[in-house]
Amino acid sequence: MADDMGYETLGVNGGLSYDTPHLDSLAQRGMRFTQAFSTPLCTPTRVQLMSAKYNFRNYIGFGLLNPAERTFAHLLQDVGYKTAVAGKWQLYGNARQRELAGRGGSTPEEAGFEEFALWQYIERGSRYKSPTVHYAGHMPEVFPNAYGPDLYTDYIEDFFERYQNEPFLLYFPMALPHDPFLPPPSHPDFDSLDIATARSNSGYFASMVNYVDKLVGRITGKLRELGLDRQTLVLFTTDNGTHRSVLSQHETGLIRGRKAFPVAAGTRVPLIAYWPGTIEPGTISDALVDFTDFLPTMLETAGSTVPDDFTSDGLSFYGQLTGQVDTTRDWVYCHYDPRWGQFTPARWAQDHTWKLYGSGKFVNWSEDPDELQALEDTTLDERARLAKSRLQDVLDRMPSLPQTTSED
């Protein structure tokens, strides 16, 4: 799961600004989803992804995962999987986040991971050059002149080596390409970069996206080298849209990133599934997917099901991957109350075309992705009226936002 990298960034999705050959090839040799939606911001997405619950059920504050929460790692552990996480944690919380929430977040072990190599766990430090990395069983350590994403990928390759004869779950919440925008090792400015004085420059974003692609190529290449690729489901996605300072060329025109905002450029994300021998190459799916759907999909892939005592809002898309007859969503939902920054809380339901907010705002997001034109009831044709009624039924089944926040 890359960090802050919207749908428009991949060449296979119509992107024209970035070089993503490994990801494009992965999609061409697997399944590419065109209608996958995250929340607009990182922690809400991470909590929803790991727990299969909409945020009104278990979101306790920015940078925090409730230690009482059971995750996909717990449930796969229960059926015999080795579990590890590498990359960006952001779920333990700093002192201020803990104070605001009135409780602490989760350690990786509390979240079900037996092993880890993480940034932003107990200490922060740099995520890129000369990173602070916390390996399981050790204290956080600074690695001068190393590159954090390379260290996480080294760890992943070693994990594959050690557990190649056992079922495993490896979760890689990447640090890339989140700001600060700084040169990766593939860029000529990397060697002279002084992390203490470095300033973010969005001109480096393209090389950072390309480095995401390189790391995905390393990981999938390692699986092939070990003969594990036909036994392993690889899912690639991102946690939300691109940073707002980044403009990207796309076959539909220029797209400004809208991370933290509920419009398509803040929530529509890449989703690629790769599993040679199981997924038909070159498959494109327009099925709706939201981030509650990953946990039940992982469990079904592992030959298991969501336990009866586990609350899940998700719908497995395993049947789509294998070409079996399956149930698909008619809508996706988001309860967005980040309690961070100056971003306005909102909740909404949407389908392939229409989107309805709790405030009553109704838009045709597919034709108006920036949501500049709210549609009045008097202008709606029968198709739009029926869609709005169906989406209102979804909203009516979900709780409203707290009274201290607004609906839009």
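To be clear, the structure that these remarks concern was listed above.
Residues numbered from 1 in each chain as written. Predicted model: local features only at pLDDT ≥ 70, side-chain atom pairs only at ≥ 80, totals over all residues. Heavy atoms only, no water.

> Account for helix H9 (residues 294-301), with residues named and values stated.
In terms of residue burial, H9 counts as a mostly covered element, since six of its eight residues are buried. Phe294, Leu295, Pro296, Thr297, Met298 and Leu299 are the residues of H9 that are buried. One or two residues past the end of H9 sits Gly303, with phi positive at roughly 80°. (Buried < 20%, exposed > 50% of the residue type's maximum accessible area, 1.4 Å probe, protein only. Helix = DSSP H or I, 4+ residues; strand = E, 2+ residues; numbered from the N terminus.)

> A description of the pattern of salt bridges should follow, citing residues and the corresponding values.
In the structure shown here, the tally under the stated rule is 21 salt bridges. The residue Lys222 makes a salt bridge to Glu161 at a minimum N-O spacing of 2.6 Å. Of this pair, Lys222 sits in helix H7 (residues 205-225) while Glu161 sits in helix H6 (residues 148-162), and the two are 61 residues apart along the sequence. Members of the salt-bridge network, linked through shared partners, are Asp3, Arg46, Lys88 and Asp239. (Salt bridge = Lys/Arg side-chain N within 4 Å of Asp/Glu carboxyl O.)

> I'd love a proper account of the nonpolar core, names of residues and values included.
Ranked by size, the top nonpolar core spans 50 residues in total, and within it Met50, Phe72, Trp89 and Phe113 carry the most contacts. Not counting the four nearest positions on each side in its chain, Met50 is found in contact with Leu65, Arg70, Thr71, Phe72, Trp89, Leu91, Ala111, Phe113, Tyr171 and Leu295. Counting residues in hydrophobic clusters, the runner-up holds 48 residues, among them Ala2, Tyr163, Phe168 and Val216. (Core = buried A, V, L, I, M, F, W, Y, C linked by side-chain atoms within 4.5 Å. Contact = heavy atoms within 4.5 Å.)

> Describe the environment of Glu161, with residues and values.
Residue Glu161 is classed as partly exposed on the basis of its relative accessible area of 34%. In the structure, Glu161 is positioned 62 residues away from Leu223 in sequence and 9.2 Å away in space, judged by C-alpha atoms. Those residues in contact with Glu161 that lie beyond four places of it in its chain are Lys222, Glu225 and Leu226.

> Account for the pairing of strand S10 (residues 268-274), naming residues and giving values.
With respect to burial, S10 is a largely interior element, six of its seven residues being buried. Pairing geometry for strand S1 (residues 31-37) and S10, over five bridges, is antiparallel. When the bridges of S10 are listed, Phe37 appears paired with Arg268. Pairing geometry for strand S7 (residues 234-237) and S10, over four bridges, is antiparallel. (Pairing = 2+ DSSP bridges.)

> Explain the packing of aromatic side chains residue by residue, including any values.
Per the counting criterion, the structure on display carries 28 aromatic pairs. Ring geometry for Phe33 and Phe317: centres 5.4 Å apart, planes at 65°, overall edge-to-face. Placement of the pair is Phe33 in strand S1 and Phe317 in the loop between H9 and helix H10 (318-322), with a sequence separation of 284 residues. Comparing Phe33 with Phe317 shows no difference in burial state: the two are buried. Centroid distance Tyr336 to Trp348: 6.4 Å. Interplanar angle 70°. Geometry classified as edge-to-face. In this pair, Tyr336 is assigned in strand S13 (residues 332-336) and Trp348 in strand S14 (residues 346-350), connecting sequence segments twelve residues apart. Residue classification places Tyr336 among the buried residues on the basis of a relative accessible area of 0%. On the basis of relative accessible area, Trp348 is assigned to the buried category, the value being 2%. The rings of Phe33, Phe291, Phe294 and Phe317 are connected pair by pair, giving a single aromatic cluster. Positioned above the aromatic ring of Phe261 is the side chain of Arg258, whose terminal nitrogen or guanidinium carbon lies 4.2 Å from the ring centre. Sitting over the ring of Trp331, Arg329 keeps its end group 5.4 Å from the ring centre. (Phe/Tyr/Trp six-rings, centres within 6.5 Å; stacked < 30°, edge-to-face > 60°. Lys NZ or Arg CZ within 6 Å of the ring centre and 35° of its normal.)

> Describe unusual backbone geometry, and please don't skip the residues or the numbers.
For the bond running from Leu176 to Pro177, omega is -10°, close enough to zero to count as cis. Mapped onto the elements, Pro177 comes out in the loop between strand S6 (168-171) and H7. Residue Asp179 is joined to Pro180 through a cis peptide bond whose omega torsion reads 10°. Tracing the backbone shows Pro180 in the loop between S6 and H7. Even without being glycine, Ala52 reaches a positive phi, approximately 65°. If you trace the backbone, Ala52 turns up in the loop between helix H2 (42-51) and helix H3 (55-58). Take Ala52: its relative accessible area is 0%, and that puts it in the buried class. With phi around 55°, Glu371 is a residue other than glycine that occupies positive phi space. Inspection of the secondary structure puts Glu371 in the loop between strand S16 (362-364) and helix H11 (382-397). Taking relative accessible area as the criterion, Glu371 reaches 6% and is therefore assigned buried.

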